[in-house]
Each structure stands twice: as C-alpha cells, then as structure tokens.
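Working through the structure, step by step
For reference, the chains in residue letters:
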Amino acid sequence: MELGALLWDGQCLPDAPIRIPLSMLNRHGLVAGATGTGKTKTLQLIAEQLSANGVPVFLADVKGDVSGISAPGKPGDKVAERSAQVGQDWAAAGFPCEFYGLGGIGPGIPLRATVTSFGPVLLSKVLQLNQTQEQSLGLIFHYADSKGLELYDLKDLKAVAGFLVSDTGKAELKGIGGLSSATTGVILRSITAFEQQGAESFFGEPEFDTSELLRSAPDGRGLVSVLELPVVQDKPQLFSTFLMWLLADLFQKLPEVGDMDRPGLVFFFDEAHLLFSGASKAFLESITQTVRLIRSKGVGIFFVTQTPKDVPGDVLAQLGNRIQHALRAFTPDDAKALKATVGTFPNSPYDLEELLTGLGTGEAVITVLSENGAPTPVAATRLRAPQSLMAPLDAAALEAAVNSSLLYARYAEPVDRESAFEKLSEAERAREAASVEAALDAPSAKGSARPRKQDASLAEQVVGSGIFRSLARSVGTQLGREISRSLFGTRRR
C-alpha cells in the first residue's frame, strides 16, 4: 500500500516510495499529529487503498469530514503539484460507502443493539458497577432469560429490576439469591444517567448485524462503512459503549485465521482521545485485551489522535504501524510531549525533535512493520493526495446516499415488539383486575353479599377501589412508575 515518497535533506524523492505491507495492517497502528497537519487526509488515503485492494474499512467520523470518500475528488493545482512531487498517477475516484448513525442520532442508517446481546458483563463495565452490583445485574439477566422476558431495550431491563424488588417479585428469587433494594437502586440510577448520554436510542431493535461491515462492493472493492458521529461527540460514553459492543461482537463471530496476505477488516477511530478521556478502568482493560487478541481474527485497528499520550500505554504498545504528523512545542507541556513521542521511535539518523516540529501539512514520520514483523527504519515522508473528495458531502447528498442503501429499509425504523416491559405490565394489570373483581364480590361484614351499585360508572369503581390506592402507593418503585406513566400517557417509548 503506497503512502508517499521519502523526504531527505529537504528534498522529496519520488523514486524512494514509502509503503506498508497489506499483511501487516492487522498489527494495528497510530496516526497522530497536531491539528491541521493532515491526519484525516492520511486516514482517507489509507482507507481508499484498502478499499481498492478489496479490504472492508470502518471509519468512525467524529468531526463529519470524511464522508467525501464516497465522491470523486476535485483536481486542482495543489493536487497536481503533490502528485508530481511524490510520483503519483492521480485520478479522481469515489469509493463504495455505507453511512451509519448511532441509534438514529444524526444522519445515517441507525445502529442498534439489544440489551440481551450486550449482556450483563459488558453492561456492568459500561455502567461502572462494582462486583456486588455486577452480580446483581447478572441475576436480573438470569431471571429474565429463565422466564422468557426479552430484554430488547433499557425500559425492559428497568422493568425486570423494579419487579424483582417489589412485593410480588421478591418471592421469585427464592432459592437463587435475592436483590437488595439499595443495590438495585444504584443500578437503576446508573441506567438513567446512561440514558441521558443518548443510550436509550442505541438499545433496541432491529439489532445491527456486524457482519454487514465485512461486505465488498459488486466490483470487488472493500466497502467503506462510515459512522457519522458529529452530533454525539459530546457523548463519549455512548461512543465508547458502541465500540466495546462492536469489537466484542466481531471477536465472538469471527474465526481464528492467523496471518493473512491482507486483513479482513480495518477500523479507524478518529479523535481517539474521546474514547479514552475519563474512561473507566474496566473499559481500558477491555480495549487492551481486544486489541491484543483481535489481530488473530484478521482485524486491524488504527487510532487517530493528536499525540500518542492520548492513547493508554498498554494499547499504544500494540500499535505496530506509526504515522506521526507534525507536533508543536509552544508550551512546556508540549515540549515534554514531544520528547516522549521521540522516545517511542526506533533509532534514527534524523534529529526527530527538530524534524517533527518542522514537518509541513501532509508530511509525516513513518515507521511500519516489515513483512517479517520487524519495525522499519524511521522515514520522513511526503504523503500522497487522496483520490476522493477532501471535504464533507453536503447534507442533501449524504441523505440521498443513506436513503438509497439497501440496508436502510432493514434498519431505519425502530421496532418495539412485546418484551419484558409489556409482559410485566400486562401481568400487573391482570393482578390489579383480579383484585378489583375480588373486592367487588367479597361479602360484607355481616356475611351477606354486598349489592353492586348498578348505576356506578366504571371510573367511580376503579378510582374508589383499594387497588387503585395501592397502585398509587407503588409509584415509588420502578415498575410502579412505569405503569403509572402508561396509564396517564406520559411514559417515554
């Protein structure tokens, strides 16, 4: 895969091309550099060549500026100049794309996952639960599975949790342990806070089949899946949750393939600092383990960020391919970061501190893994120009691309099938109705049947019943709240 041409002593040498072996792209990588140095265009360049070589690509587009990869680029003086400098035979080309959005937030085909497929272990990590709370969440999942209560979305999970600490539900857990009301309260509060990050939209049906990301276009090029994230860049927990689920799901589905002549799928996570900033220890452990192990599944992962220190050390140690754009040293902290970055590169004939602060836009210091797995010498490189549009698609073109996808009809509309919430609500209504009927048929204190008021309205019967007052008292429980909202029409669906 062609990256560019060698820079030496201020000259660009088109006869000295810089390349990455396709077989080494599942050894992961890092694209780093200060704002405006060309990281996104480098990402776009690599994704184009992967697609052209039949490798599917997944792009997490946090800023919304790589959607242009689906459209041919525009020729111009700068493109012609760069092509001549690096010996590139440039021709405008667009690449086959699908555009996605998290749970229908923003443009794109909605990506959703069910709570059941997420599972209690992964969800506990997302909610940052302690061991006791994680075990309690596992018990909630176990009960739901054993009783055929489908957990499709978060309201299903909250309904089961609320039911199991109610007077009726407590008896259901005899013999397999019980749930503490305090622990359940912590879980429910964590879920509520998670919903405020936008998670309510992500959980539900139809669930996205992650094998869709492995497809190729009819002409044999790899499909580029672009996840549009501009509207959720202020919701890092939602983004990291999706990443954990996606990688975990692919890891479970994909077979072990060992070394391949090219990867089966390559991920690019732009603005990677959003993933790791404030991330829980459990999330970092999960990502580190996945990065270590998913290589054997033929999957490569590239993180794109401003400085290597944005990526945890244990993850950074797994990234064999490095493309380092210019760094700036305007402050003491910048200078410290520069020295730390230089220390992570192999020995080099370059003065890397001087070189990294003097690189121009679209230039980078590169070291990759050779075919035998050894790091190559550091090479200052002038990068090729992308062939696709180096600007975002306009809103109308993006919407047209989304609506014309064959996947749009399959995933666009949310589905709310009967699940745990509806089944528990129906069971509660049945118990309420039976209690009302029993109360109406009960004999009076003197043993004689109490005559019914023939002219009493249904509303008078219900409002006057003891069960209605009982229901009002139960509003303090989670299930009680959900039922009362459904009665008065204010429950969120």
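For the structure itself, look to the data block above.
Summarised in this report is the structure supplied together with it. Here the residue numbers are simple positions, counted from 1 along each chain's written sequence. Under the rules for a predicted model, residues below a pLDDT of 70 receive no local features and side-chain atom pairs below 80 are neither given nor counted, while totals for whole chains, interfaces and linings still include all residues. Calculated side-chain values reflect all of the structure's heavy atoms, with hydrogen atoms and water omitted.

For the rest of this paragraph, the subject is the overall build of the protein. Secondary structure is summarised from DSSP: a helix means a run of H or I of at least four residues, a strand means a run of E of at least two, and numbering begins at the N terminus for each. When helices and strands are counted, the protein shows 19 helices and twelve strands. Out of the 493 residues in the protein, the part that is buried amounts to 52%. For the protein, restricting intrachain contacts to residue pairs at least 6 apart in sequence, the fraction spanning at least 24 positions comes to 75%. Working definition: with a 1.4 Å probe on protein chains only, accessible area under 20% of the residue-type maximum means buried, over 50% means exposed, and in between means partly exposed. Any two residues having at least one pair of non-hydrogen atoms within 4.5 Å are treated as being in contact.

So, on to the sheet that holds strand E8 (residues 265-269). Only strands that DSSP links by at least two bridges are regarded as paired with each other. Reading across the sheet, the twelve strands line up as E2-E1-E12-E11-E10-E3-E9-E8-E4-E7-E5-E6 and stay open at both edges, with mixed pairing between neighbours. The two strands at the open ends of the sheet, each matched to only one other strand, are strand E2 (11-19) and strand E6 (109-111). The average undirected angle you get between the axes of adjacent strands in this sheet is 30°. With three bridges connecting them, strand E1 (residues 2-8) and strand E12 (residues 379-383) associate as antiparallel partners. Along E12, the bridge assignment pairs Leu6 with Thr381. Orientation is described by axes fitted as lines to C-alpha atoms, over the contacting stretch for helices, and by angles from 0 to 180 degrees between their N-to-C directions. The strands touched by helix H2 (residues 77-86) are E1, E2 and E12; relative to E12, the strand with the most contacts, the crossing angle is about 140°. Packing of helix H8 (residues 236-253) onto the sheet brings it into contact with strand E4 (57-61), strand E5 (97-102), E6, strand E7 (224-228), E8 and strand E9 (299-305), and relative to E8 it is tilted by some 170°.

To continue, consider the pattern of salt bridges. By definition, a salt bridge exists where a carboxyl oxygen of Asp or Glu is found within 4 Å of a side-chain nitrogen of Lys or Arg. Following the criterion strictly, the structure yields 23 salt bridges and no others. Across the salt bridge formed by Arg27 and Asp259, the nearest N and O atoms sit 3.3 Å from each other. Taken together, the positions of Arg27 in the loop between E2 and strand E3 (29-32) and Asp259 in the loop between H8 and E8 put the pair 232 residues apart, joining distant regions of the chain. You can call Arg27 buried: its relative accessible area is 19%.

This paragraph deals with the environment of Gly362. Tracing the sequence through the fold places Gly362 in the loop between helix H13 (352-358) and strand E11 (363-367). Classification of Gly362 by relative accessible area gives buried; the value is 12%. Taking C-alpha positions, Gly362 is 7.6 Å from Thr42, a pair spaced 320 residues apart along the chain. Excluding residues that lie within four positions of it along the chain, Gly362 makes contacts with Thr37, Arg82, Thr381, Arg382 and Leu383.

This paragraph deals with the packing of helix H3 (residues 115-127) against H8. One can describe the packing of H3 onto H8 by two numbers: an axis separation of 11 Å at closest approach and a directional angle of 135°. Taken as axis vectors, H3 and H8 run oblique relative to one another. Remark: the crossing between H3 and H8 carries right-handed chirality. From H3, Ser117, Phe118, Leu122, Lys125 and Val126 reach across to H8, where they touch Gln237, Thr241, Met244, Trp245 and Ala248. Each residue receives one of three labels: charged for Asp, Glu, Lys and Arg, nonpolar for Ala, Val, Leu, Ile, Met, Phe, Trp, Tyr, Cys and Pro, and polar for the others, Gly being one of them. Class assignment for the residues of the contact of H3 with H8 results in six nonpolar, three polar and one charged. In this scheme, roughly parallel covers angles under 35 degrees and roughly antiparallel covers those over 145, while 65 to 115 is roughly perpendicular and the rest are oblique. Two helices that cross are described as forming a left-handed crossing if the nearer one is turned anticlockwise from the farther one by less than a right angle, and a right-handed crossing if clockwise.

Another point: the environment of Gly300. As for its position among the elements, Gly300 is in strand E9. Looking at Gly300, the relative accessible area reads 0%, which means it is buried. Taking the C-alpha atoms as reference, Gly300 lies 4.9 Å from His28; in sequence the two are 272 residues apart. The contacts of Gly300, once residues within four sequence positions are left out, are Leu25, Asn26, His28, Leu265, Val266 and Phe267.

Moving on, we come to H3. What a helix is expected to span follows from its residue count: subtract one and scale by 1.5 Å. In this model H3 runs just 13 Å from its N-terminal to its C-terminal C-alpha over 13 residues, more than 12% under the 18 Å that 1.5 Å per residue would give. Along H3, the positions that sit buried rather than exposed are Val115, Phe118, Gly119, Leu122, Leu123, Ser124, Val126 and Leu127. Residues of H3 that are buried in the fold lie against helix H4 (131-146), helix H5 (154-164), helix H7 (181-202) and H8. Once H3 ends, the next one or two residues include Gln128, with phi positive near 55°.

Turning next to the nonpolar core. The definition of a nonpolar core used throughout is a set of buried Ala, Val, Leu, Ile, Met, Phe, Trp, Tyr and Cys residues joined through side-chain atoms within 4.5 Å. In this structure, Leu50, Leu59, Leu123, Phe267, Phe269 and Phe303 are the most contacted members of the largest nonpolar core, which totals 134 residues. If you tally residues by element for this core, the top one is H8, at nine residues. Once residues within four sequence positions are removed from consideration, Leu50 is found in contact with Met1, Leu22, Leu25, Val55, Val57, Val266 and Phe268.

This paragraph deals with unusual backbone geometry. Put simply, Glu205 and Pro206 share a cis peptide bond, and its omega is 0°. Residue position: Pro206 is located in the loop between H7 and E7. Residue Asp9 is not a glycine yet carries a positive backbone phi of 55°. Structurally, the position occupied by Asp9 is in the loop between E1 and E2. For Asp9, a relative accessible area of 72% puts it in the exposed group. Unlike most non-glycine residues, Glu271 shows phi in positive territory, near 50°. Along the chain, the position of Glu271 falls in the loop between E8 and helix H9 (273-276).

Let us look at H2. Residues Val79, Arg82, Ser83 and Val86 constitute the buried set of H2. The buried residues of H2 all sit within an arc of 100° when viewed along its axis, so they share a single face. Looking at H2, the residues exposed on the side facing more than 90 degrees away from the buried face are Asp77 and Ala84. Here the buried face of H2 lies against E1, E2 and E12. Gly87 occupies a position one or two residues after H2 and carries a positive phi of about 75°. Note that the arc is computed from the directions linking the helix axis to the C-beta atoms.

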